[in-house]
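Understanding the architecture of this molecule
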Amino acid sequence: MRVSRAHGIADDLRSKITTGQLQPGQRLPAETELATGYGVSTATLRNALGTLQAEGLVKKIHGRGNFVRRPLRRTTYVGGWGTLDPRTAADAAQRVTIRTTKTTAPKEHPATLLARPEGTALTEILCLTYDGEVPHGLARTYVPHDTTSPPNALGTVTADAPCQGPAARFAVLTPPPAEVRETVCARLPTPDEASTLRIRPTTTVLAITRTTTDATGLIVEAAQLVFPADRVNAVFTSHLLDNADERQPRP
């Protein structure tokens, strides 16, 4: 019964938010006041608010109360080359931070994706994109030292900086690769991802695993990208070839 009442309260508050009766940034009545108004316990009321918080409609600020969240702008991820769409990446509020770490390939991922033996020297490039102060996505990119020399210091890319290099392009190598293979899935975040992206453990994320191959067939980059599903649009474009033989899948 408590669950069904909580769903009903969530539906009512959701309707008020989507129809504009409750405006972005508006503080909701105190939880005890809301519970009394709906004729339920505070526990049931909090279950309803938890649903709206998971949906990104309500934000709870400890010590201040619950507020209607302002709609989050979505970042556009362009598949097949891994760039952030310039129309969103160049937004004044958009910025990217980079942290690089030297490491060696373990037995498990990412060495498996890179097809390199255990102990291969790698550089991990951690990129975090923000819209203002809100994290919009993270990418962990692994590059063998025998492939390229990535940045070696923490950096920040803003709209004032040119959209180039691993930060603005979410750690994709230059020159253009011969092939980019991406595997996309929707899943729950790991505890580390949830903490980094400041999302609830029950929030769905869009996870992209990407490998980049050069003209010789060597895998020169492996990346794991994670975006909260309510903060990104992913665009993938297919190009049809005229030659039927060329449409055959690669081995």
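Everything discussed here concerns the structure shown above.
As the structure is a computational prediction, the values presented were derived from the model and not from experiment.

Take the side chain of Glu182 next. Mapped onto the fold, Glu182 is located in strand 9 (residues 179–187). Notably, Glu182 is buried but unbridged: the nearest opposite-charge side chain belongs to Arg210, and the N-O separation is 4.8 Å. Here Tyr77 takes part through its side chain, which lies 2.4 Å from a polar atom of the side chain of Glu182.

This part covers the pattern of salt bridges. Summed over all chains, the structure comprises nine salt bridges. With its nearest N and O atoms 2.9 Å apart, the salt bridge here joins Glu193 to Arg187. The buried category is assigned to Glu193, whose relative accessible area is 8%. Overall, Arg187 belongs to the partly exposed group, its relative accessible area being 29%. Put simply, Glu31, Arg46 and Lys60 are held in one network by salt bridges that share partners.

Looking now at the packing of aromatic side chains. A ring pair, where both rings are aromatic, is described by two values, the distance of the centres and the angle of the planes. All chains considered together, the criterion is met by one aromatic pair. Ring plane angle 50 degrees and centroid distance 5.7 Å describe the contact between Tyr77 and Phe227, whose orientation is recorded as tilted. Here the residue Tyr77 occupies a position in strand 3 (residues 75–78), and Phe227 occupies one in strand 11 (residues 219–228), the gap between them amounting to 150 residues. The burial state of Tyr77 is the same as that of Phe227; both residues are buried.

Let's shift gears to the environment of Leu52. Looking at the secondary structure, you find Leu52 in helix 3 (residues 42–54). Note on Leu52: relative accessible area 0%, which makes it buried. Distance from Leu52 to Arg14, taken between C-alpha atoms, is 7.3 Å for residues 38 residues apart in sequence. If we skip the residues at most four places from it in the chain, Leu52 touches Ala10, Leu13, Arg14, Leu57 and Val58.

Counting buried residues along strand 10 (residues 205–213), eight of its nine residues qualify, which places the element largely inside the surrounding structure. With nine bridges joining them, strand 9 and strand 10 adopt antiparallel strand pairing. Across the sheet, the residue bridging to Val184 is Ile208, located in strand 10. Note: strand 10 against strand 11, nine bridges, orientation antiparallel.

Here is what the cut-offs are and how they apply
- Residues numbered from 1 in each chain as written.
- Predicted model: local features only at pLDDT ≥ 70, side-chain atom pairs only at ≥ 80, totals over all residues.
- Heavy atoms only, no water.
- Helix = DSSP H or I, 4+ residues; strand = E, 2+ residues; numbered from the N terminus.
- Buried < 20%, exposed > 50% of the residue type's maximum accessible area, 1.4 Å probe, protein only.
- Lys, Arg positive; Asp, Glu negative; His and termini not counted.
- Salt bridge = Lys/Arg side-chain N within 4 Å of Asp/Glu carboxyl O.
- Polar contact = N/O pair within 3.5 Å; in protein donor to acceptor, adjacent residues only side chain to side chain.
- Phe/Tyr/Trp six-rings, centres within 6.5 Å; stacked < 30°, edge-to-face > 60°.
- Contact = heavy atoms within 4.5 Å.
- Pairing = 2+ DSSP bridges.

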